[in-house]
Amino acid sequence: MKAGVIAVQGDVAEHAEAVRRAATAHGESAEVVEVRDSGIVPDCDVLLMPGGESTTISRLIHREGIAAEIREHVAADKPVLATCAGLIVCSRDAKDDRVDALGLVDVSVDRNAFGRQKDSFEAKVPVEGLSEPFHAVFIRAPAIDEVGEGVETLATVDGRPVAVRDGPVLATSFHPELTADSRIHDLAFFPDSEVEA
Ligand code: GLN
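In this text the structure is predicted, and so the values were computed from the model without any measurement. (Residues numbered from 1 in each chain as written. Predicted model: local features only at pLDDT ≥ 70, side-chain atom pairs only at ≥ 80, totals over all residues. Heavy atoms only, no water.)

**Q** Looking at this structure, I do not really get the environment of Glu-31. What am I missing?
**A** Structurally, the position occupied by Glu-31 is in strand β2 (residues 31-35). Along the backbone, Glu-31 and Met-1 are 30 residues apart, and their C-alpha atoms lie at a distance of 6.2 Å. Sequence-distant contacts of Glu-31, defined by excluding residues within four places in its chain, comprise Met-1, Lys-2 and Ala-3. (Helix = DSSP H or I, 4+ residues; strand = E, 2+ residues; numbered from the N terminus. Contact = heavy atoms within 4.5 Å.)

As structure tokens, then:
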């Protein structure tokens, strides 16, 4: 499996490690490539869109011609895991002119709605498709405030969606790559077979 981590900005190494772990748990091996230029995404089987700063990630993927390739990847029904800033960039509406949202996940988001850096928090969150709750790390996390009809909500915190699936894209407000538990990467890339945490 060839996995591309959009690496223009954000927490790239952690996602690379998590997707390798998820693949190993499924008896596969993942070749991880970092995507900073156009021409790489078309060869990838799965994509990861990390957390970071959504305004910066948005600007760079459009400038480098990567945005159009991500859209084609999703149109071909290939999996994407988008986390935190990645979710913001993939949303339909980020309510911020500096984010040219890709419209790949039919949700609108409020950037930083869960608070500023000092308000980051962790929570045990039950997730649809996982038998045990997931230890979720939220860092200046976006809240999802409108969910389109075709979108499945997989997890909520205080009644607000924090993990959703829209076709081949799984998106989370939190950072599943920051713990040793790769079950969210499993759900995104191996949806039919849960393995032990
Ligand atoms: N607050 C950041 C943004 O709006 C996202 C934070 C994160 O990815 N941890 O882009």
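Okay, back to it.
**Q** Looking at this model, I keep getting lost on the UniProt feature "active site" (unreviewed entry) in the protein. Mind explaining?
**A** In this structure's numbering, the residues bearing the UniProt feature "active site" (unreviewed entry) are Cys-84, His-175 and Glu-177. A maximum C-alpha distance of 10.8 Å among these annotated residues, which run over 94 residues, shows that they cluster at one spot. Within the secondary structure, Cys-84 is located in the loop between β4 (80-83) and α4 (85-90). A relative accessible area of 5% means that Cys-84 is categorised as buried. When sequence neighbours within four positions are dropped, the list of residues in contact with Cys-84 reads Gly-51, Ile-139, Arg-140, Ala-141, Pro-142, Thr-172, Ser-173, Phe-174 and His-175. By the element assignment, Glu-177 lies in the loop between β12 (169-172) and α5 (183-189). Here His-175 takes part through its side chain, which lies 2.7 Å from a polar atom of the side chain of Glu-177. (UniProt positions renumbered as here; feature names shortened; annotations may be inferred. Buried < 20%, exposed > 50% of the residue type's maximum accessible area, 1.4 Å probe, protein only. Polar contact = N/O pair within 3.5 Å; in protein donor to acceptor, adjacent residues only side chain to side chain.)

**Q** Please explain the site of the ligand as it appears in this structure.
**A** Around the ligand sit Gly-51, Gly-52, Glu-53, Ser-54, Cys-84, Ala-85, Ile-88, Arg-111, Asn-112, Ile-139, Arg-140 and His-175, and those are all the residues in its vicinity. With respect to the ligand, the backbone of Ala-85 contributes an N or O atom lying 3.1 Å from an oxygen atom. At 3.0 Å from a nitrogen atom of the ligand is found a main-chain nitrogen or oxygen belonging to Arg-140. Considered on its own, the ligand offers 300 Å² of accessible surface; in the complex 96% of this is hidden by protein. Class assignment of the residues belonging to the shell around the ligand gives a composition of 4 nonpolar, 5 polar and 3 charged. (Near = heavy atom within 4 Å. Areas by Shrake-Rupley, 256 points an atom, 1.4 Å probe, with all protein chains shown as cover. Nonpolar A, V, L, I, M, F, W, Y, C, P; charged D, E, K, R; others polar.)

**Q** Even after reading the chapter, I still don't get the environment of Ile-40, so can you show me in this structure?
**A** Inspection of the secondary structure puts Ile-40 in the loop between β2 and β3 (46-49). Of the residues examined, Ile-40 reaches a relative accessible area of 24% and is grouped as partly exposed. As for Ile-40 and Ala-30, which are separated by 10 residues in sequence, their C-alpha atoms are 15 Å apart.

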